[in-house]
Amino acid sequence: MSLANGRSYLAIPGPSVIPDAVLRAMNRASPNIYEGELHTLTHSLIPDLKAVARTDGHAAIYIGNGHAAWEAALANTLSRGDTVLVLATGRFCIGWGEIASAMDVTVQTLDYGDEAAFDLESVAETLRADTSHKIKAILAVHVDTSTSVKNDIAGLRAVMDEVQHPALLMADCIASLGCDQFEMDAWGVDVMVTACQKGLMTPAGIAFVFFNDRANARRGDLVTSYWDWQRRVDPAEYWMYFNGTAPTHHLYGLRAALDMILDEGLENVWQRHARLASAIWAAFDTWSETGSLRLNISEPEKRSHAVTSCAIDAPHGDALRHWCETQAGLTLGIGLGRQPSSGYFRIGHMGHVNTQMIMAVLGTMEAGLQALSIPHGRGAVDAAAHVIAQHPTTT
Ligand SMILES: *Cc1c(COP(=O)(O)O)cnc(C)c1O
């Protein structure tokens, strides 16, 4: 007998929960790709994607996942032998750097470990030392999904300006767009990459690269026809948006998802994520009064609002995840890139999530901790409820 039967919740940090409206929009016969509704719909996505990215720059869509967007950003701006600076705050920026290495780009890494944001003073020092401007781009992850740290992208731009370094600022917003506040133009980001399966609430399969004129002018020798972003922006012929057949159903799904974000209002979406994240943190503050369960990132202002990385004495992490999945229908995320992996787990709370879902996650975790006799402070759900209850009511 299991209490898991019923509607399940995949609370991993991507893919995220797909809204019924998105699923409904995708549940249709294939549309004509040569003319008609699909063309109008695709044109309509571009300004709305740019609105969510807070940019007046350009947007290119790729059929692919986040890794495709990583590669596209590098291919359009760099040449073999160029150097990029990777600001590693977890698994993901390291992964972006590995892709650069495989493209014959030299990778210089500043590694800040698995529990901290990047430190602007050390970045400034590195940039000052680069007097010949060997570094052509800085690769930064806004929210690293493995550690759940949120980095200060605006601060990074300020440092680059202060030392007058001409490198491009490239930001990975795969885990943060549509969740945490991000302002591409105001924060001086030259290239931003994201994908559709996290804050954008669409099944994995399309990815986006946003870029400004400055980045566009940096064309190097790595660009190839398929990855060329110039072909994809304002294309003369519709098929060039995707360099081939359009990802038809994903476009319908994304249209529905963007409608939901814009109807709610992007600022409201950010605030919802912020408040729900605060409720999770309040629960952890209580749980961590006894035992080993704790948040990976200690400073609240450096925590993501979309994913929470948690540490616990091994092997409790695996045991708790297993209990939640098999006994309660709740799937938590694995401790990606951490050792021992059973000493870590993650909660995804990005996109289509609301109070009852977050309270269910916390209540289920509480039950699991009790069932498994894992030491923890008592009253965590109550503490989370208190945060939610303080939220000003809206109609
Ligand atoms: C999910 C994620 C990626 C990788 O995206 P894929 O779609 O799995 O290729 C990269 N960076 C961050 C910050 C992510 O959260």
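Above this text sits the structure in question.
Here, residues in each chain are numbered from 1, in the same order as that chain's written sequence. A pLDDT threshold of at least 70 governs which residues receive local features in this predicted model, and a stricter bar of 80 or more applies before side-chain atom pairs are shown or counted, although totals over entire chains, interfaces and linings include all residues. Water and hydrogen atoms play no part in the side-chain values, which are based on all heavy atoms of the structure.

> Outline the nonpolar core, listing residues and values.
In this structure, L87 and F182 are the most contacted members of the largest nonpolar core, which totals 58 residues. The source of the domain bounds is an automatic or database domain assignment. Counting residues domain by domain, this core receives three or more from each of domain 1 (9-16 + 265-389) and domain 2 (20-262). Two residues qualify as a contact provided that any one of their heavy atoms is within 4.5 Å of a heavy atom in the partner residue. Apart from the residues within four sequence positions on either side, L87 is in contact with C93, L110, Y112, F118, V123, I138, L139, A140 and L156. Within this scheme, the nonpolar core is defined by two criteria: the residues are buried Ala, Val, Leu, Ile, Met, Phe, Trp, Tyr or Cys, and they are joined through side-chain atoms within 4.5 Å. Type-normalised accessible area, obtained with a 1.4 Å probe on protein chains alone, sets the label of each residue: buried when under 20%, exposed when over 50%, and partly exposed for intermediate values. Counting residues in hydrophobic clusters, the runner-up holds 37 residues, among them Y62, W70, V193 and W229.

> I'd like to hear about the packing of aromatic side chains, residue by residue, with values.
Ring geometry is summarised as follows: Phe, Tyr and Trp rings, the Trp one being its six-membered ring, pair when their centres sit within 6.5 Å, and such pairs are stacked at plane angles under 30 degrees, edge-to-face over 60 and tilted between the two. Counted by the stated rule, this structure contains nine aromatic pairs. With centroids separated by 5.4 Å and ring planes inclined at 80°, the aromatic side chains of F182 and W187 adopt a geometry described as edge-to-face. As far as the burial class goes, F182 and W187 line up, both buried. Summarising the aromatic geometry, the rings of Y238 and Y241 are spaced 5.6 Å apart at their centres and angled 70° between planes, so their arrangement reads as edge-to-face. Residues Y238 and Y241 agree in their burial class; the two are buried. Grouping aromatic residues by their ring pairs yields a cluster made of Y62, Y226 and W227. Both a distance and an angle decide whether a charge sits over a ring: NZ of Lys or CZ of Arg must be within 6 Å of the ring centre and within 35 degrees of the ring normal. Directly above the ring of F92 sits K198, whose terminal nitrogen or CZ lies 5.6 Å from the centroid. Stacked on the ring of Y226, the Lys or Arg R232 has its end atom at 4.7 Å from the ring centre.

> Describe the pattern of salt bridges, and please don't skip the residues or the numbers.
One speaks of a salt bridge when a side-chain nitrogen belonging to Lys or Arg is within 4 Å of a carboxyl oxygen belonging to Asp or Glu. Taken as a whole and judged by the stated rule, the model has 19 salt bridges. With a closest N to O distance of 2.6 Å, D180 and K150 form a salt bridge. On the criterion of sequence distance, the pair formed by D180 in the loop between β8 (168-172) and β9 (191-195) and K150 in strand β7 (residues 149-150) is long-range, its members being 30 residues apart. Both residues of the pair, D180 and K150, belong to the buried class. Between D259 and R255 there is a salt bridge, with its nearest N and O atoms 2.7 Å apart. Taken as a pair, D259 and R255 lie in helix α9 (residues 248-264) at a separation of four residues, close to a single helical turn. Helical segments are the DSSP runs of H or I of at least four residues, strand segments are the runs of E of at least two, and each set is numbered from the N terminus.

Honestly, that's just the spatial picture; any functional story needs more than this.
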